[in-house]
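Listed below, chain by chain, are the residues.
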Amino acid sequence: MKGLLLVVILIFMVILSNIIPFPSAVSLTPAVNNEKVMSNVNVLSAAELKNALNQLEGWTEKDGKLHRQFQFNSFVEAFGFMSSVALVAESMGHHPEWFNVYNRVTIDLTTHDAGGITNKDLQLAKKANELAKK
C-alpha cells in the first residue's frame, strides 16, 4: 500500500509540473534546456572504492559502476522503491541506470561527467539501501 501511494504521488507531481511549470528558482530539475550539469567531484581511487564497498551492503563494482540488485515482495513494492529513489536522485541531480522486472530492481551507478565512480554514487547507493529497508 505504501508503494502504491508513492507511485500515485510521483505521478501527481509529474502531471502537476507539466500543467503548472515551476519558476526556475524552484525547479525540480538541475539541468536547464537539457544542458549537462557538470560535476566537480573526483573519481574514487581503487583503494577508496574497495574501502567504500566494504561499508555498502550488497553493492559490488561491475564494469566500472557500482552495481546492486534489490528484490521485493511485489511489483508495487519494487516500483515504490524506484519512485522513492527517483525523488532522492532528482534532488541530488544524480540519476541511476536501472532496470526493473516484476519484483527486482537492478541499479548501476557512475558519475558520467567525472568518468567513473564518485562520492555521489556512494551517497545514492547508501540512500537506496536505506529506502529498501523501509
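Located above this text is the structure these notes cover.
### Details of the overall build of the protein chain
Item 1. Scanning the protein chain from terminus to terminus reveals 4 helices and 4 strands.
Item 2. For the protein chain, the succession of helices and strands along the chain, N to C, is α-α-β-β-α-β-β-α.
Item 3. Contacts in the protein chain between residues at least 24 apart in sequence constitute 68% of all its contacts with a sequence separation of at least 6.
Item 4. When the accessible surface of the protein chain is summed, it comes to about 8700 Å², and 58% of that surface belongs to carbon and sulfur atoms.

### Brief notes about a nonpolar patch on the surface
Item 1. A contiguous nonpolar surface patch, about 550 Å² in accessible area, is contributed by Phe 75, Val 76, Phe 79, Phe 99, Val 101 and Tyr 102.
Item 2. Contributing elements (two or more residues each) for the nonpolar patch: helix H3 (75-92) and strand E3 (97-101).
Item 3. Residue contributions to the nonpolar patch peak at 3 residues, all from H3.
Item 4. Examined against the element boundaries, Val 76 turns out to sit in helix H3.

### A few points about the pairing of strand E2 (residues 65-71)
Item 1. Sheet analysis places strand E1 (residues 60-62) next to E2, joined by 3 bridges and oriented antiparallel. Looking at E2, one finds that Thr 60 is bridged to His 67.
Item 2. The turn joining E1 and E2, which pair antiparallel and follow one another in sequence, is formed by 2 residues; a positive phi near 55° is taken by Asp 63.
Item 3. Both E2 and strand E4 (residues 104-109) contribute to a ladder of 6 bridges, which runs antiparallel.

### Digging into the pairing of E4
Item 1. Among the 6 residues in E4, 5 count as buried, and that is most of the element.
Item 2. Bridging between E3 and E4 involves 5 bridges; their strand directions are antiparallel. Residue pairing across strands places Asn 100 opposite Val 105, the latter belonging to E4.
Item 3. Here E3 hands over to E4 after 2 residues, with Tyr 102 in that stretch at a positive phi of 45°.

### Some thoughts on the nonpolar core
A general trend in soluble globular proteins is that nonpolar side chains are found buried together.
Item 1. Core analysis: the biggest nonpolar cluster contains 24 residues, and Trp 59, Leu 66, Phe 81 and Ile 107 have the highest contact counts within it.
Item 2. Of all the secondary structure elements, the ones that give two or more residues to this core are helix H2 (46-55), E2, H3, E4 and helix H4 (119-132).
Item 3. Here this core takes 6 residues from H3, the largest share from any one element.
Item 4. Leaving out residues up to four positions away in the same chain, Trp 59 has contacts with Leu 53, Leu 66, His 67, Arg 68, Phe 70, Ile 107, Leu 109, Ala 125, Ala 128 and Asn 129.

### Notes on H4
Item 1. Between the first and last C-alpha of H4 there are 20 Å, a value that for 14 residues agrees with the 20 Å anticipated at 1.5 Å per step.
Item 2. Here H4 has its buried residues at Asp 121, Leu 122, Leu 124, Ala 125, Ala 128, Asn 129 and Leu 131.
Item 3. At its buried positions, H4 is contacted by H2, E2, H3 and E4.

### Points about the sheet that holds E2
Item 1. The 4 strands are arranged E1-E2-E4-E3 in an open sheet whose pairing can be described as antiparallel. With one partner strand each, in any of the chains shown, E1 and E3 form the two edges of the open sheet. Each neighbouring strand pair of the sheet contributes to a mean axis angle of 30°, computed without reference to strand direction.
Item 2. Lying on the sheet, H4 is in contact with E2 and E4; it crosses E2 at an angle near 5°.

What counts and how
Residues numbered from 1 in each chain as written. Predicted model: local features only at pLDDT ≥ 70, side-chain atom pairs only at ≥ 80, totals over all residues. Heavy atoms only, no water. Helix = DSSP H or I, 4+ residues; strand = E, 2+ residues; numbered from the N terminus. Contact = heavy atoms within 4.5 Å. Areas by Shrake-Rupley, 256 points an atom, 1.4 Å probe, with all protein chains shown as cover. Patch = residues over 30% accessible without salt bridge, like charges linked within 9 Å, V, L, I, M, F, W, Y side chains within 5 Å. Salt bridge = Lys/Arg side-chain N within 4 Å of Asp/Glu carboxyl O. Pairing = 2+ DSSP bridges. Buried < 20%, exposed > 50% of the residue type's maximum accessible area, 1.4 Å probe, protein only. Core = buried A, V, L, I, M, F, W, Y, C linked by side-chain atoms within 4.5 Å. Expected span 1.5 Å × (residues − 1). Axes fitted to C-alpha atoms, helices over the stretch in contact; angles between N-to-C directions.

Purely geometric numbers; function is a separate question.
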